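# Structure assessment
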Amino acid sequence: GRTFPVSNYYLEDLIEATGHVVEEGSRNALREYYGSHRETASMFVTTKGGEKRRENVSLDSQVDVEVSDDFPDYSISTRKSLDRVDETVINYELIEEILHYLLISPKGAAGAQPLL
């Protein structure tokens, strides 16, 4: 039979390519248990495509947010998401963004034409 080239992509590659952000406190983030109550607010965010979605944001000051040095070749946004992500939870939003990236996005994977 005929073989096709296969590429390996890891979580950090997919988060970087799609621009996906794992927000602190989201259902896909690791749960941190603090003794104190953290104040949050709910707001609507408009994405690049014009879609609106509700986001929960922390009202706590995050001036000294540290980012791990585990993935130095990736953007700060990707590194923050990797620090927060709970890999035991299926991230359906990331799956949706990956499918959009591969099938619809004009840039697609590795500069290829979108499939749809």
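Before going into details, it helps to say that this report is about the structure given with it. Given the structure is predicted, the values throughout are model-derived calculations rather than measurements. Residue numbers run consecutively from 1 along every chain, following the written order of its sequence. It should be noted that, the model being predicted, local features are given only for residues of pLDDT at least 70 and side-chain atom pairs only at 80 or more, the latter also being counted only at that level, while totals for whole chains, interfaces and linings use all residues. Water and hydrogen atoms play no part in the side-chain values, which are based on all heavy atoms of the structure.

### Details of the overall build of the protein chain
Rule in force here: Only DSSP runs of H or I with at least four residues qualify as helices, and only runs of E with at least two residues qualify as strands; both kinds are numbered from the N terminus onward. Exposed residues in this analysis have more than 50% of their type's maximum accessible area, buried residues have under 20%, and partly exposed residues fall in between, with area computed by a 1.4 Å probe over protein chains only. Two residues qualify as a contact provided that any one of their heavy atoms is within 4.5 Å of a heavy atom in the partner residue. Per-residue and other accessible areas follow the Shrake-Rupley method at a 1.4 Å probe size, with only the shown protein chains counted as cover for residues.
The secondary structure content of the protein chain amounts to 3 helices and 2 strands. Secondary structure elements in the protein chain, listed N-terminal to C-terminal, are α-β-β-α-α. Taking all 116 residues of the protein chain together, 18% fall into the buried category. Long-range contacts, defined here as pairs at least 24 residues apart, represent 49% of the contacts in the protein chain between residues at least 6 apart. A total accessible area of about 9400 Å² is found for the protein chain, and carbon and sulfur atoms account for 53% of it.

### Observations regarding the pairing of strand 1 (residues 40-46)
Convention followed: Two strands pair if DSSP finds at least two bridges between them.
Across 7 bridges, the pairing between strand 1 and strand 2 (residues 52-58) is antiparallel. Across the sheet, Phe44 pairs through a bridge with Arg54, a residue of strand 2. Once strand 1 ends, the chain turns through 5 residues before running back antiparallel as strand 2, passing Gly50 with a positive phi of about 90°.

### Focus: the environment of Glu93
Heads up, the rule is: By the criterion applied in these results, polar contacts are pairs of N or O atoms within 3.5 Å in which, for protein atoms, one can donate a hydrogen and the other can accept it, and in which residues neighboring in sequence qualify only through two side-chain atoms.
In this fold, Glu93 is placed in helix 3 (residues 92-103). Residues Glu93 and Val21 lie 72 residues apart in sequence; the distance between their C-alpha atoms is 9.8 Å. Non-local contacts of Glu93, meaning those with residues more than four positions away in its chain, are made with His20, Arg27 and Asn28. A distance of 3.0 Å separates the side chain of Glu93 from the side chain of Asn28, its partner in a polar contact.

### Observations concerning the pattern of salt bridges
Stated formally: By definition, a salt bridge exists where a carboxyl oxygen of Asp or Glu is found within 4 Å of a side-chain nitrogen of Lys or Arg.
A complete count under the given rule lists 3 salt bridges for this structure. Across the pair Arg53 and Glu55 runs a salt bridge, and its minimum N-O distance is 2.5 Å.

### Considerations on the side chain of Asn28
Assignment of secondary structure puts Asn28 in the loop between helix 1 (11-18) and strand 1. Take Asn28: its relative accessible area is 3%, and that puts it in the buried class. Within the structure, Asn28 has its side chain in polar contact with the side chain of Asn91 (distance 3.3 Å). What Asn28 contacts, discounting residues up to four positions off in sequence, is Val22, Arg84, Val85, Asp86, Val89, Ile90, Asn91 and Glu93.

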